[in-house]
Amino acid sequence: APLVTFAHHALPVTGAAFGETFPSPDGVLASVSADRCINIHSVHAGQLLRSVRTPAPLTCVCVCACDAVVAAGAEDGAVYVVTLVGSPSDQSGAVRLVGHPGAIRSLAAVPYRGCIVSACAGGTVRVWDVTDAARGEHDPDTVSATSCVSTWTHAANAAA
């Protein structure tokens, strides 16, 4: 039998990630769904800590534990970053990072660097600095294209 079951999404879950981070010393579980919600749960308490709705269906998620942020990739090519610092009532939403030409298919946290890596269906991989979001210094409604540290584009192998 499962230790804990979380059932807070209205549509299929498309990604889940665990991180040992504040505000839950035993870790948080972040889940995303086609319902456009990023849900952050306390693993030990089994409770929903925060739910953030985004404008697009979500495809993947990662927890950047050292910077206390959750990042979610979306079908619209954006990465949505939610900080875990402060109380949920102090936080209005997610910082939206844009620049990919296609839906986000994978995310990874870069431990102790304040960065996340995103990969999209359009063939690009980007490294984003999320330290401003972790400190709550972004306006959640501001689209940020300046946080991208590096971009790589995959060129299809032209076989003869």
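Predicted model only: the values in this text are computed from it and were never measured. (Residues numbered from 1 in each chain as written. Predicted model: local features only at pLDDT ≥ 70, side-chain atom pairs only at ≥ 80, totals over all residues. Heavy atoms only, no water.)

With respect to the pattern of salt bridges
Line of reasoning, step 1. Overall, the coordinates contain 2 salt bridges when judged by the stated rule.
Line of reasoning, step 2. Notably, a salt bridge pairs E75 with R105, separated by 3.3 Å at the nearest N-O pair. Here E75 is found in the loop between strand 6 (69-74) and strand 7 (79-83), whereas its partner R105 is found in strand 9 (residues 104-110), with 30 residues between them in sequence.
Line of reasoning, step 3. Owing to a relative accessible area of 48%, R105 belongs among the partly exposed residues under this scheme. (Salt bridge = Lys/Arg side-chain N within 4 Å of Asp/Glu carboxyl O. Helix = DSSP H or I, 4+ residues; strand = E, 2+ residues; numbered from the N terminus. Buried < 20%, exposed > 50% of the residue type's maximum accessible area, 1.4 Å probe, protein only.)

Re the nonpolar core
Line of reasoning, step 1. By size, the foremost hydrophobic cluster in this structure holds 20 residues, and its most contacted members are I38, I40, L58, V70 and Y80.
Line of reasoning, step 2. Every element with two or more residues in this core is listed here: strand 2 (24-33), strand 3 (37-42), strand 5 (58-64), strand 6 and strand 7.
Line of reasoning, step 3. Those residues within four positions of L58 in sequence are excluded, and the remaining contacts are T14, V32, S33, A34, R36, C37, I38, A72, G73, A74 and Y80.
Line of reasoning, step 4. Core analysis: the second largest hydrophobic core is formed by 15 residues, V81, V95, I104 and I116 among them. (Core = buried A, V, L, I, M, F, W, Y, C linked by side-chain atoms within 4.5 Å. Contact = heavy atoms within 4.5 Å.)

Some details on the side chain of T59
Line of reasoning, step 1. By secondary structure assignment, the location of T59 is in strand 5.
Line of reasoning, step 2. Reaching out from T59, the side chain makes a polar contact with the backbone oxygen of I104 at a distance of 2.5 Å.
Line of reasoning, step 3. If sequence neighbours within four positions are ignored, T59 has contacts with T14, V32, G73, A74, E75, I104 and R105. (Polar contact = N/O pair within 3.5 Å; in protein donor to acceptor, adjacent residues only side chain to side chain.)

Topic: the side chain of H41
Line of reasoning, step 1. Within the secondary structure, H41 sits in strand 3.
Line of reasoning, step 2. With residues near it in sequence (within four places) discarded, H41 still touches F6, H8, G27, V28, L29, S31, Q47, L48 and L49.

Side note on the confidence of the model for the chain
Line of reasoning, step 1. The pLDDT averaged across the chain works out to 78; a share of 71% of its residues lies at or above 70.
Line of reasoning, step 2. In the predicted structure, residues 138-146 sits below a pLDDT of 50 and forms 17 contacts with residues beyond four places in sequence or in another chain. (pLDDT = per-residue confidence, 0-100.)

A short note on the pairing of strand 7
Line of reasoning, step 1. A large share of strand 7 lies buried, amounting to 5 of its 5 residues.
Line of reasoning, step 2. Both faces of strand 7 are covered, namely the face carrying V79, V81 and T83 and the face carrying Y80 and V82.
Line of reasoning, step 3. As defined by bridge partners, strand 6 adjoins strand 7 across 5 bridges and the pair is classed as antiparallel. Bridge assignment links V69 to a residue of strand 7, and that residue is T83. (Pairing = 2+ DSSP bridges.)

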